[in-house]
Amino acid sequence: DGRLTFHPGNQTVDLPSIRFMRRSGTTFLNAYTNSPICCPSRAAMWSGLFTHLTESWNNFKGLDPGYVTWMDLMEKHGYHTQKYGKLDYTSGHHSVSNRVEAWTRDVDFLLRQEGRPMVNLTGDRKHVRVMEADWKNTDKAVNWIKEEAINLTQPFVLYLGLNLPHPYPSPYAGENFGASMFLTSPYWLQKVNYGAVKIPKWSPLSEMHPVDYYSSYTKNCTGEFTKEEVRNIRAFYYAMCAETDAMLGEVISVLRDTKLLQKTMVIFTADHGELAMEHRQFYKMSMYEGSSHVPLLVMGPGVKKEQQVPNVVSLVDIYPTMLDTARIPVPQNLSGYSLIPLLRGKADNQVSSPEVLPRPSWVLSEFHGCNVNSSSYMLRAGRWKYIAYADGRSVLPQLFDLSEDPDELTNIAMKLPGVVRSLDRMLRSVVNYPKVSSTVQDYNKREFITWKQSLGQNYSNVIANLRWHRDWSQQPQKYESAIERWL
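Residues numbered from 1 in each chain as written. Predicted model: local features only at pLDDT ≥ 70, side-chain atom pairs only at ≥ 80, totals over all residues. Heavy atoms only, no water.

*Asks:* Explain the nonpolar core to me, and be specific about the residues and the numbers.
*Replies:* Core analysis: the biggest nonpolar cluster contains 71 residues, and Met21 and Ile145 have the highest contact counts within it. Residue assignment for this core shows that the elements contributing at least two residues are helix H1 (16-24), helix H6 (132-147), helix H7 (186-189), helix H9 (227-257), strand E7 (266-269), strand E9 (296-299), strand E11 (362-367) and strand E13 (384-389). The element contributing the most residues to this core is H9, with 16 residues. In this structure, Ile145 is in contact with Ile150, Leu158, Val251, Val254, Leu255, Thr258 and Leu260, ignoring residues within four places of it in sequence. Of all hydrophobic cores here, the second largest spans 39 residues; its members include Phe50, Trp362, Tyr443 and Tyr459. (Core = buried A, V, L, I, M, F, W, Y, C linked by side-chain atoms within 4.5 Å. Buried < 20%, exposed > 50% of the residue type's maximum accessible area, 1.4 Å probe, protein only. Helix = DSSP H or I, 4+ residues; strand = E, 2+ residues; numbered from the N terminus. Contact = heavy atoms within 4.5 Å.)

This is the structure in structure tokens:
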């Protein structure tokens, strides 16, 4: 959640490496994902293209394997490149359940697709390395800098992708079968200021926007939660962020020890945030700030120190920024814009180069995957956040004034039809969203039919045993019939 990297969110947990980056470089106060889920977001970041252009519609469908990423171009131009950890931009390798849930979102049924969010404390106060796979990848990156990067005669670019912070499905057995776990140890939890953990306000279920209600239900969050449960989920999430911060610290330390820090640009960002029980949801897949607002901090040569940039930016800006840094010509077809002028402390209107188009005053995010029963499109411009759904007619839009309502509790779309019309016009000038929504619907049906046919006689058994199996087992015939009607 990008809001944790600046005041007031950062009072909940101590993030020393983020604090160091803030002092040593630039923090973007309004950075957004272009799609709030792993694979489509990473596809946007690695390609510099919006999701409707990459057609990375869900967590399984990413970039074509041969797509030329910014790292490929840098390698072609003489950079030594190295990648460790989670990449997830050609395919998310996510479960069959993920795919089927995304394809069937237009089916007229409500089924829980997630286990109830819970917390799990492991180890003792000395247990530092909770997420071992991430620590292993961090070690690999650190060792590579120490042993390889230091001896290179050419410039290098290193990518380290972490899974953390991320809730994990519990083992599919036992008491908490299928639950989604926020996992940490007492070592990290003691870094959280429980007193500063805010309990989000929830709208009554009857007043929720229909798409939000669907998301809350499928994520198994419509039941009763005590304040203590909600506070714990949020605190455990912040503790997981503290562990991530320590991994960032390892990378910064080795750059300092090898005398590379002063001549290396370091970028810290994320594919999406975490709702952690805001709006009666956890996970991502939402245009609310907890899910769509990402961290973006940059430090290094030529980057202004202790700078906070209020401009709206998004992950598609990484591609042109990387090329700009390496002085590689930036392709014209990209959705993003180089951040270099902002990093150097120049206002957009000071960028005088005639071939550089001025940065737009908006950012776009879109979502087409599971846990949401309609394609959604978010335009963030100035104080406004405008969210349109489906064909723009069948589902009511949402409008939030983030300067007055930072928690996004009051949809003022009906009150301000003029603002809605203006923002909707702007959105349609960027993406023909009714057409994209229709394309996604056709894709979902086509993919589902292909999958169903591949299972043959086994179809009924497989579909009954996906993550929604508990709800499904009560009325299997009803749900199978709903799918047949949709088809």
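So much for the structure itself; the text now carries on.
*Asks:* So what's going on with unusual backbone geometry? Which residues, and what values?
*Replies:* Omega for the bond connecting Leu164 with Pro165 falls within 30 degrees of zero, at -5°, which places this linkage in the cis form. By secondary structure assignment, the location of Pro165 is in the loop between strand E4 (156-161) and strand E5 (168-169). At Lys259, a residue that is not glycine, the phi angle is positive and equals roughly 65°. Residue position: Lys259 is located in the loop between H9 and E7. Taking relative accessible area as the criterion, Lys259 reaches 68% and is therefore assigned exposed. Of note in this structure, His279 is not a glycine but carries a positive phi near 55°. For His279, a relative accessible area of 12% corresponds to the buried category.

*Asks:* If you had to explain empty space enclosed by the protein to someone new, which residues and values would you point to?
*Replies:* Evaluation of the coordinates by the stated rule reveals 4 cavities of 30 Å³ or more. Along the walls of the largest cavity sit 13 residues, with Asp212, Met285, Ser286, Met287 and Tyr389 positioned nearest its centre. Elements represented by at least two residues in the lining of the largest cavity include exactly helix H8 (210-218) and E13. Sorting elements by how many residues they give to the lining of the largest cavity places H8 first, with 3 residues. The residue makeup of the lining of the largest cavity, split by class, is 7 nonpolar, 5 polar and 1 charged. Approximately 80 Å³ is the volume attributed to the second largest cavity. Contributing to the lining of the second largest cavity are Phe50, Ser314, Val316, Asp317, Ser335, Gly336, Tyr337, Arg359, Pro360, Trp362 and Val363. Split into classes, the residues belonging to the lining of the second largest cavity amount to 6 nonpolar, 3 polar and 2 charged. (1 Å grid on protein atoms, 1.4 Å probe; cavity = no way out; pocket = protein on both sides within 12 Å on 5 of 7 lines; lining within 4 Å. Points joined across faces, edges and corners; volume = space filled by probe spheres on them. Nonpolar A, V, L, I, M, F, W, Y, C, P; charged D, E, K, R; others polar.)

Note that all results are geometric; they support no functional claim without further evidence.
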